[in-house]
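Architecture at a glance
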Amino acid sequence: MSFAEQIMPIFRATLEVLREAGAPMPSGAVREAVAEHVEIPRDLQIPDAHGETRWWSQVIFRTGEAASLGWMAKRNGWSITGVGIKALEDFPNVAIYRELQRQYRERRLFRAGDFPGAFEQYQRNLGYARQLVRGGRNLERLGVGAFDVTDLYRAAWTQAVAALDHWVTQEIIDRAVALAQRPGAPRPSNFSKLSMPVELVEKVHRNAEPLEAAFRAAMERFFEFKTFQHPDKIAEGFSHVSKVKLWRVVADRLTDQDPSKPIAADEIRTQLTEIARRRNNIAHTADHDPDSFRRKKRITAGEVEQTIDVLESVAIAILQALGDLPPATDHSVPPAEAGSLGATPAQIDAKRRGIIRGLSKWTEESLLHALDEYCPPDVADTLLAVYRHAEGHPAFRGYIFGDGAHPSVTAWFSTGQDEAAMWSIYTGVSKSVLSINFEWMRNRGVPVNRLERLAYALSVLPGWTDLPARLATANYAKRPSSIPATLEWPDASQIILRALNDLLAAGASPRAWMVRGGREGERELRALDEGLIVVGWHEVGDLSGYTTRDELAEALRGAFPTDSPNTIANWRGQLWRFTTEIQRGDLVVMPLKSHPGHIAIGEVAGPYEHRPQEPVEFQQVRKVSWLRRDVSLDTVKDDLRASLNSMLTICRLAQDDAARRIAAMAATGIDPGATAEAVIADDMSEEPGHGA
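Quick caveat: nothing in here was measured; it's all calculated off a predicted structure.

Quick look at the pattern of salt bridges now. If the charged atoms of two oppositely charged side chains come close together, the side chains can form a pair. For the structure on display, the rule yields 33 salt bridges. Residue Asp151 pairs with Arg154 through a salt bridge whose shortest N-O separation is 3.0 Å. Linking Asp151 with Arg154, this pair stays in helix α7 (residues 150-180), spanning three residues, or about one helical turn. Exposure remark for Asp151: the relative accessible area of 31% places this residue in the partly exposed category. Between Lys233 and Glu236 there is a salt bridge, with the nearest N and O atoms lying 4.0 Å from each other. Of this pair, Lys233 and Glu236 both sit in helix α10 (residues 231-238), three residues apart, which is roughly one turn of the helix.

Okay, structure coming up:
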């Protein structure tokens, strides 16, 4: 029986032990439980070259790989995730081990035959550090006095930090080389700052050296003297190969691994800074204790083991945050399930610039011409509503027009941690389709729970009723396309846009807004009692029927024909904020005329609602969870108070950290003030709002 065949049942037993436990287990307890759960072959019970039992050494490596894929967690003990449980169910017996190896090669190794990969080498290096700790413990038990045994713990600390430094360097290089070989893959802006000597460019150009080898050599030279021990340097390094907001996402991943002990990005940075600082003290001053000239700082085996565990769990979370390297993506090609689009529409040559990423064969004019010429009116209306909605959304980042056989456009949005191609429209003479790009969003780090909610929100439409099941079965690696009945449905555009807005809101950082409770405060008491924010403008009816700013402006002009264009523009901006830009989770402040000198603070809990059965002053509402109703304006700093003095009904409070400050006031009643002096005015040039 081969070595791998001997390890397979042990690995499965490890996952089964964690599943049965249902909670994080210390690694030592896992080891004991696995040994009881499955028979360990005699030749795997002997120590390896580094003093660790062979079977357990392999379990450490393989579970590290599993954790990097999201099957397990190793923070505050070992535990299995929902993904890992599903793998146990989907791959019986030892097939799960083969699936682990397949996924790890495909998703985490960027060079063919790259064994050990960067992460496995990292685990080996951490294993050396743990071995030093074990040696120190044994010598302490023997009472060795010939030398300071705790220096072995210091060596282990230094080894662990060096392991992190080396792994980060190799992971950045591997990902940079992989990106260089995938011309169509999205790249962060810092990727272009990586340099390659002209001599290597010439070798590649003359086919004297493969691109992979030449670019890898250039990257090894580029990063040769850079170190990645401090968290700021680590984030800076990974910014060359990923747009992910590293420490924020790492904090989310670590919190997901143990929700009972949430951790914030600044706490991770502080941990890593202190670990690197101690390493420097060991390396540069022999761990001198600044409080005692003749002594070293105290260090214990437990401290070092905890540090090694922290560095391992942080690296696993970084891998999960970075995610799979996205494949080269051709936005011009519709999904296979879209079927034939028929003949190619006419090409229009004019090109609109500014918000279009790069140049392409097809243009906005070509797309709009095809929709107008060949689409049934209901289908065209839905596709146009989706297309026009993009530019009005604060998370919108740009369009990509295609180069394929048919006119197409793909819209990119910020999803919180990264940017993703959320939807694509493909047009032909016979048919036009809307594709929701679940696969591409998943590849850019959008969490599965958000994709699941999007699928359920869209499943009320004809043709998409089985969407949640189809996508879950495919692990969201699909780009479902609409059938004509989907787009012809009477409320299709509202359903689609509401679903997209909800997904984008879940990934956005909370913002802060002011919404007044009436010119004389007449709406305040009911708003506070019923958990609402309320605005006027009942004359324009249901605001959700207006899918673009222009449509909303036209409705306002019809309702208020004598008001000036500037006033109409002002009201349009405020109402668009109320219905579209304000998102669930945003913070809202309501100055209280019913309690002068005070404000109420709440969190937006629901979408815009039109309530025609209510009195006219309570027809335009959104639900709010009021967090505090008695914050004194005396505690609010002058910069923020100036914004609260705006005469607008609705405005954004856009100081650099207004949301943080307002959240602090909701908790403590006191404004902590800005972390920077810059104060950004927002909308202060607009005229006072109607219905204030």
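Having put the structure on the table, let's press on.
Turning our eyes to something else, we now look at the packing of aromatic side chains. Two measures describe an aromatic ring pair: the distance that separates the ring centres and the angle between the ring planes. Throughout the structure, instances matching the rule amount to 18 aromatic pairs. Taken together, a centroid distance of 6.0 Å and an interplanar angle of 75° make the contact between Phe11 and Tyr97 edge-to-face. Of this pair, Phe11 sits in helix α1 (residues 3-21) while Tyr97 sits in helix α5 (residues 95-108), and the two are 86 residues apart along the sequence. Overall, the relative accessible area of 7% leaves Tyr97 in the buried class. With a centroid separation of 4.7 Å and an interplanar angle of 15°, the aromatic rings of Tyr387 and Tyr399 are classed as stacked. Here the residue Tyr387 occupies a position in helix α15 (residues 377-392), and Tyr399 occupies one in strand β3 (residues 396-401), the gap between them amounting to 12 residues. No difference in accessibility class separates Tyr387 from Tyr399, as the two residues are buried.

With that settled, the discussion passes to unusual backbone geometry. One non-glycine residue, Asn76, adopts positive backbone phi at about 55°. Tracing the backbone shows Asn76 in the loop between β1 (72-73) and β2 (79-80). On the basis of relative accessibility, which here comes to 40%, the residue Asn76 falls in the partly exposed class. Phi at Ala286 takes a positive value of approximately 55°, unusual for a residue other than glycine.

Spatial strand order, β8-β11-β10-β9-β7-β12: six strands in an open sheet with mixed pairing. The sheet terminates laterally at β8 (532-535) and β12 (650-652), the two strands that pair on one side only. Geometrically, the sheet is characterised by an average inter-axis angle of 35° between neighbouring strands, direction not taken into account. Two strands pair when backbone bridges link them, and β8 and strand β11 (residues 620-632) are joined in this way by four bridges, in the antiparallel orientation. In the strand pairing of β11, Leu532 is matched with Lys623. Sitting on the sheet, helix α25 (residues 658-668) touches β7 (512-515), β9 (587-592), β10 (598-610) and β11, and the angle it makes with β11 is about 65°.

Turning next to the environment of Asn138. Tracing the sequence through the fold places Asn138 in helix α6 (residues 118-142). Owing to a relative accessible area of 39%, Asn138 belongs among the partly exposed residues under this scheme. Measuring from C-alpha to C-alpha, the distance between Asn138 and Val149 comes to 9.6 Å, with 11 residues separating the pair along the chain.

Per-residue confidence for the protein chain gives a mean pLDDT of 85; residues scoring 70 or more make up 91%. Note that pLDDT drops below 50 for residues 350-360; the model gives that stretch 27 contacts with residues more than four away or on any other chain. Counted against residues more than four places away or in other chains, residues 676-692, with its pLDDT under 50, gives 50 contacts.

What counts and what doesn't
- Residues numbered from 1 in each chain as written.
- Predicted model: local features only at pLDDT ≥ 70, side-chain atom pairs only at ≥ 80, totals over all residues.
- Heavy atoms only, no water.
- Salt bridge = Lys/Arg side-chain N within 4 Å of Asp/Glu carboxyl O.
- Helix = DSSP H or I, 4+ residues; strand = E, 2+ residues; numbered from the N terminus.
- Buried < 20%, exposed > 50% of the residue type's maximum accessible area, 1.4 Å probe, protein only.
- Phe/Tyr/Trp six-rings, centres within 6.5 Å; stacked < 30°, edge-to-face > 60°.
- Pairing = 2+ DSSP bridges.
- Axes fitted to C-alpha atoms, helices over the stretch in contact; angles between N-to-C directions.
- Contact = heavy atoms within 4.5 Å.
- pLDDT = per-residue confidence, 0-100.

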